[in-house]
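This is what each chain is made of:
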Amino acid sequence: MPTPLEEVLSSLGPITIAVSGGVDSMTLAIVAGRLLGTHAVDMAHAVSPAVQPEATERVRLWAQREGWTLVTLDAGEFGDRNYLDNPVNRCFFCKGHLYGAIAGLSRRQIVSGANMDDLGEYRPGLDAARAVGVRHPYVEAGVDKAGVRNLARQLGLGDLAELPASPCLSSRVETAIRIDPATLTAIHAIETLVGRSLAPETVRCRVRHAGVVIELDPSSLAAAEGSQELVQAIAALLPASIAGQRISFEAYRKGSAFVGAKS
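K.L.:
Could you give an account of the overall build of the chain, naming the residues involved and the relevant values?
P.N.:
Counting its secondary structure elements, the chain contains 11 helices and seven strands. At 19 Å, the chain has a C-alpha radius of gyration in line with the 18 Å of a compact globule built from 263 residues. Once the C-alpha set of the chain is aligned to its principal axes, its extents read approximately 55 × 40 × 35 Å. Of the contacts made within the chain by residues no fewer than 6 positions apart, 72% connect residues no fewer than 24 positions apart. As displayed, the chain offers around 12,500 Å² of accessible surface, 53% of which is attributable to carbon and sulfur atoms. Where the 25 positive side-chain charges of the chain centre and where its 28 negative ones centre are 3 Å apart.

K.L.:
Describe helix H11 (residues 228-235), and please don't skip the residues or the numbers.
P.N.:
Looking at H11, one finds that the buried residues are Leu 230, Val 231 and Ile 234. Along H11, the residues classed as buried sweep out an arc of 100° about the axis, all on the same side. The exposed residues of H11 that point more than 90 degrees off its buried face are Gln 228, Glu 229 and Gln 232.

K.L.:
Explain the packing of helix H1 (residues 4-11) against helix H2 (residues 23-36) residue by residue, including any values.
P.N.:
Relative orientation of the contacting elements H1 and H2 amounts to 65°, with a least axis distance of 10 Å. Looking at the two axes, H1 sits roughly perpendicular to H2. The interaxial crossing formed by H1 with H2 has right-handed handedness. Facing H1, whose interface residues are Leu 5, Glu 6, Leu 9 and Ser 10, H2 presents Leu 28, Val 31, Ala 32, Leu 35 and Leu 36. Here the contact of H1 with H2 is built from residues that sort into seven nonpolar, one polar and one charged.

K.L.:
Describe helix H5 (residues 90-105), listing the residues and the values that go with them.
P.N.:
Under the 1.5 Å per step criterion, the end-to-end length of H5 is 23 Å for 16 residues, consistent within 8% with the ideal 22 Å. In this fold, the buried residues of H5 make contact with strand E1 (15-18), strand E2 (41-46), strand E3 (69-73), helix H4 (81-84), strand E4 (109-111) and helix H6 (124-132).

K.L.:
How would you sum up the side chain of Asn 115? Please name residues and give values.
P.N.:
The topology assignment puts Asn 115 in the loop between E4 and H6. On the basis of relative accessibility, which here comes to 2%, the residue Asn 115 falls in the buried class. Residue contacts for Asn 115: discarding those within four places in its chain leaves Asp 24, Tyr 138, Val 139, Val 143, Asp 144, Lys 145 and Val 148.

K.L.:
So what's going on with the packing of helix H9 (residues 181-198) against H11? Residues and values would help.
P.N.:
One can describe the packing of H9 onto H11 by two numbers: an axis separation of 10 Å at closest approach and a directional angle of 155°. Classified by the angle their axes make, H9 and H11 are roughly antiparallel. Helix-helix and strand crossings are classified by hand; for H9 and H11 the assignment is right-handed. Together, Ile 190, Leu 193, Val 194, Ser 197 and Leu 198 of H9 and Leu 230, Ala 233 and Ile 234 of H11 make up the contact between the two elements. Each residue belonging to the contact of H9 with H11 can be placed in one class, and the counts come to seven nonpolar, one polar and no charged.

Here is what the cut-offs are and how they apply
- Residues numbered from 1 in each chain as written.
- Predicted model: local features only at pLDDT ≥ 70, side-chain atom pairs only at ≥ 80, totals over all residues.
- Heavy atoms only, no water.
- Helix = DSSP H or I, 4+ residues; strand = E, 2+ residues; numbered from the N terminus.
- Rg over C-alpha atoms; globule rule 2.2 N^0.38 Å.
- Contact = heavy atoms within 4.5 Å.
- Areas by Shrake-Rupley, 256 points an atom, 1.4 Å probe, with all protein chains shown as cover.
- Lys, Arg positive; Asp, Glu negative; His and termini not counted.
- Charge placed at Lys NZ, Arg CZ, Asp CG, Glu CD.
- Buried < 20%, exposed > 50% of the residue type's maximum accessible area, 1.4 Å probe, protein only.
- Arc of directions from axis to C-beta.
- Axes fitted to C-alpha atoms, helices over the stretch in contact; angles between N-to-C directions.
- Parallel < 35°, antiparallel > 145°, perpendicular 65-115°, else oblique.
- Left-handed = near helix turned anticlockwise from the far one by under 90°.
- Nonpolar A, V, L, I, M, F, W, Y, C, P; charged D, E, K, R; others polar.
- Expected span 1.5 Å × (residues − 1).

None of this, on its own, says anything about what the molecule does.
Spelled out as structure tokens, the structure:
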């Protein structure tokens with residue numbers, strides 16, 4: 001008997017999946033490709049300064065393994081002042097460009113990896129998806145984040161099933177601070193540095209009005225505090241636009257750079 005997710009996917013006809021490289025969209029792509037056949041499923045992945053190179057490499061690796069038809073594209077959000085100004089609904093402009101670009105390349109139904117947990121948060125990207133008619137198979141099948149991970153484990157997807165959440169690099173920049181590619185490059189470099197130095201469970205480099213904050217899980221936070229050597233290494237990676245800002249460490253808080261979201 002097919003699962004609710006399989007029933008939803010089978011009802012959609014040929015689809016194009018927006019694949020970010022995270023566990024949600026990657027697992028959806030694997031399930032859909034194996035269920036419907038690669039002739040009925042295309043994958044689209046956007047590359048930009050906000051996307052971690054590791055995510056793009058992961059998408060390409062799995063595309064090769066699974067035999068996907070994969071299109072990589074520049075969605076064009078970095079040419080949009082509305083996105084670069086980093087308002088509270090920045091994701092609306094990002095996803096609007098993404099889905100608009102995919103729609104310009106494919107006449108198939110566009111689907112995303114949004115799951116039930118995403119409905120409980122302020123997600124302006126879902127408004128952009130609605131405007132283009134994007135479908136969300138996990139939501140339609142009632143699958144939440146834990147369900148996605150369980151599915152990935154059942155499929156034997158290894159490290160992919162345990163992949164930590166890692167939203168786009170622009171999400172690290174506090175609302176109303178302009179999005180700048182050099183800053184995003186530094187954020188990624190700093191998170192990589194801290195990851196190699198402390199092997200944390202979670203690390204986020206936040207660029208805030210008050211300075212640069214490295215958020216960590218409790219055990220890693222204890223190891224980082226007071227390390228002037230680590231602070232100096234981080235300072236050396238800052239671009240000219242934020243050089244000299246105060247660097248501090250705090251406990252990780254989801255979405256803590258996101259100011260002014262609807263309650």
